[in-house]
Amino acid sequence: MSEPLIPPKKKDPLLNTRAGHVPPALRSRAAKAMAARAGQGRFVLQACEDCAHVTYPPRDRCPKCWGALTWQDQPRGAVIEAETTIKASTDLFFRNHLPWRIGSARLDAGSMAIVHLHGDVNQGDRVRMEIKLDRGGNPALFALPEKETLNMADDPQLRVFTADPKYRRILVTDGRGPVGQAVAEALVKAGAKTVFLGNNDRLMRYPGQEQIEAMEGIEPVPLSIADSRSTEALAAQLGGRVDIVVNTAQHTRGGGVGFGGKLSDLQTGLDLEVSGLMRLAQAFAPAMSGRSDDGTNAAAAFVDVASIFGLSGKAGYAGAAAAAAARLSLIAGLRGEMAQTGIRVMSVLTGPIDDAWHQDIPPPKTAPVQIARAVVSALQQGQETICAGQVAKEIFGRWQADPLLTIREETQ
Amino acid sequence: MSARVKPYDGAVVCAPVTVPYARFSPESAHWWTGRALQALSQQTGLKPGDFDGFCFASFSSVPDTVVGMVQHMGLSPRWMDHIPTGGASGVMALRRAARAVQVGDAEVVACVSGDTNQIDSFRQGLTGFSRFSQDATYPYGFGGPNATFALITDNFMREFGVSREDFAKLCVAQRTNALSNPLALMKKPLSFEQYVNARAISDPVHLFDCVMPCAGAEAFIVTTPEKAQELGLSVARIAGTIERHNAYPEDAVQTRGGWGCDIDELWAAAGCGPQDMDCLQAYDDYPVIVAMQLADLGFCTKVDLPQFITENDFTIPGSLPLNTNGGQLSAGQAGAAGGFQNVTEGLRQILHCPLGDQIPEARRALISGFGLVNFDRGVCTGAAILEQEVLR
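Throughout this description, residue numbers start from 1 for each chain and increase along the sequence as written. Each chain takes a letter, starting from A, and each ligand takes a number, starting from 1, following the order in which they are written. At least 70 in pLDDT is required for a residue's local features to be given in this predicted model, at least 80 for side-chain atom pairs to be given and counted, and no such filter applies to totals for whole chains, interfaces and linings, which use all residues. Hydrogens and water are ignored here; the side-chain numbers use all heavy atoms of the structure.

> Give me the lowdown on the side chain of A:Asn199, citing residues and values where you can.
Strands here are runs of E lasting at least two residues and helices are runs of H or I lasting at least four, both read from the DSSP assignment and numbered beginning at the N terminus. Position of A:Asn199 relative to the elements: it lies in strand β10 (residues 194–199). Contacts were defined at the residue level, with two residues in contact if any of their heavy atoms lie within 4.5 Å. Not counting residues within four places of it along the chain, the set of residues in contact with A:Asn199 comprises A:Thr173, A:Arg176, A:Tyr206, A:Gln209, A:Val221, A:Pro222 and A:Leu223.

> I'd like to hear about the pairing of strand β11 (residues 378–390) of chain B, residue by residue, with values.
Residue and element names in this part refer to chain B. The buried label goes to any residue with under 20% of its type's maximum accessible area, the exposed label to any with over 50%, and the partly exposed label to all in between, with areas taken from a 1.4 Å probe on protein chains only. The element β11 is extensively covered by neighbouring structure, given that 10 of its 13 residues are classed as buried. Across 10 bridges, the pairing between strand β8 (residues 235–245) and β11 is antiparallel. Note that in β11 the partner of Arg244 across the bridge is Thr381. Should DSSP find at least two bridges between two strands, the strands are taken to pair. Alignment of strand β10 (residues 364–373) against β11, held across nine bridges, turns out to be antiparallel. Its bridge partner being in β11, Ala365 is matched across the sheet by Leu386. The turn linking β10 back onto β11 is made up of four residues.

> I'd like a description of the domain arrangement of chain B, backed by residues and values.
All names here are of chain B. Per the domain assignment, the segments making up chain B are domain 1 (12–120 + 215–231) and domain 2 (145–213 + 236–390). For domain 1 versus domain 2, the distance between C-alpha centres works out to 23 Å. The interface of domain 1 with domain 2 comprises 37 residues on the first partner and 39 residues on the second. Buried area is calculated as the accessible area (1.4 Å probe) missing from two parts once they are joined, with the contributions of both summed. Summing both partners gives a buried area of about 2900 Å² for domain 1 against domain 2, and 72% of it is carried by carbon and sulfur. Think of a salt bridge as a Lys or Arg side-chain nitrogen and an Asp or Glu carboxyl oxygen that are within 4 Å of each other. Counting across the interface, domain 1 meets domain 2 through two salt bridges. Close ionic contact of Arg96 with Glu243 constitutes a salt bridge, the shortest N to O distance being 2.9 Å. Counting residues per element, the ones that place at least two in the side of domain 1 that touches domain 2 are β1 (12–22), α3 (89–103), β4 (108–115) and β7 (215–223). With nine residues, the single largest contributor to the side of domain 1 that touches domain 2 is α3. Of the residues assigned to the side of domain 1 that touches domain 2, the class counts are 22 nonpolar, 10 polar and five charged. Throughout, the edges of the domains are those of an automatic or database domain assignment. Gly is placed with the polar residues, together with every amino acid not listed as nonpolar (Ala, Val, Leu, Ile, Met, Phe, Trp, Tyr, Cys and Pro) or charged (Asp, Glu, Lys and Arg).

> So what's going on with the environment of A:Pro363? Residues and values would help.
Residue and element names in this part refer to chain A. Checked against the element boundaries, Pro363 lands in the loop between β14 (344–350) and α10 (368–381). Of the residues examined, Pro363 reaches a relative accessible area of 69% and is grouped as exposed. Sequence spacing of Pro363 and Val391 is 28 residues, and the spatial spacing of their C-alpha atoms is 9.1 Å.

Quick look at the structure:
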């Protein structure tokens, strides 16, 4: 079992904050390809197209026959052959996290790997492997106990590779809609200390207000990310104690490009979803970056909930799809910037949400609670990209296999 | 098996040079290399124009290879080579230079390794050490080689029943040997208790299992017997050598090195056996690798290691003098020069010009190299047997 996390005490303002170093980030292109897949929660290794030999560390040709290699999902089992506890390191990040346990793992898939060890894993054990992303976005093989153990997620080494909501303070940008409310509730249930829930118009009541605001751990805050001053004011007030940001802002209006779309809807959508994302990032990212290694409630993640149609476009929802596309592009850029400071940037991709703004789309649609589940899961797993609901999964699968075909299918 | 290896007639080894090490140095690898060449020149009277072969090893000469070094040092060789194999570079330089001299591609080859150790250069060197280590080793806690060898040691101790007490005997003996070497960085005796009670660096690797990275340079000359006579130099002959890389990739955790593939050829070529060696100069960056070599080179089997270590004395007057200058563990590890000091020290013992105490009547030295933990194990191995030919 792991020692349960202790709720962090109020921070002593006189103490110097531990600098958020990132482990060495130099990687081969092959290792980056591994990261791209690991970010989706997959356990992949390279296999040879000719002889099917599975190889690790990442290579550029097969060591058995020099054939070409492709990334393929692999069995997750392994045995720990040897272990060590590192008590001295020259790296600025790991020095602050010693002792650190690693092992030599014999992967069921067929090769050896040096891996991070969960505290409940010992030499000789059978383990379940995951490829996590480290604070710099690079792939990291992590050996977990084969079966769930007590307080497993509280393991100090594992927590470095996740953004688990437990004891963290989280800002959810839009509490007026069903998605924001579902996300806030799920985060509280997942152990968040506080969820600051944004409300862009305190004079107007909204459905579900009494229930959500009465929930323990929910703290309503004034926030309109369409307004720079509002965003900056909130950041000035609590930027230093927000550990995770979840942006749930949406402005979906139907309409085409040449037919039926309103320019004003597009402009409003772009301002809220795209400019709003940048306002949010510029207001909160610097303070979060300064606290990325600040103990149990270190700043950890920036999550953006956007429509899967940002990848493919969508007939009848051209403006909303365009805003989502711009959001995905900004998020990719932000991910690169935050990788230098140890903050994870995550995308939750949704299908058409089951709300009043997607009435024309036949089911299945994505329920707010599915989105909430995906947000919590991405944070707990440290996953970079996650699909909420079956529609998003299905489109994402098609898009990965053939992006141009998927764009055609969704827009014609 | 491959075609029979031809003997090294017509090539001899001479003029061992060790430039005194420094824990940290603001100078460059070029400075240390030049200092070693200067020492060779002082010992032999040879000038830059007299060397027509140059064999070079270094980790810290970046961005220069042997090419940059040749121009930097004012050499104009007709044969040159760059050996990037760290702990195996001395044996490899020796074999390559000997073949070049034997066939006449060169007459006088300077084999030189030089490395500096600036503040923080060790960490920087690790960060970009190799493609596999950058992708798949060092990001795992960044324990450096200590952590990688800890995994090898952990497995080796369990597999063969070797204990920390066995490693202690090797390390303590090497420290005893170092005390007579005025150039060794470690100058205080090491007791068994100190070794056993040392702080853990990366279990089961403890403080005195680790070398001290430092700056330094080592060099020797390979030439013809005629040229050595003309220069008035004592010489050794090369009785046999082997080299092997990336052996046994199927082993889960490394328990053996490439020596095992070719060791019978080595002893057959030399016409002698382990019992005939007056000393063993083995790669010792972690005592587990010394133990591995004792078995792989034929002194005993792996399971007999604890008994063999108990029954032998590894000090200079002992039954198997081991790393008589103190080795890297006690003399210091000057980068790639750490892979040359086994050659220079073995040579000095059989040419009877040691830095410290002399092994009485020493005539034969076994040199063993091990290098480059590219991912999870050492990839390069080599060994050579040197025999005293002429003392002048």
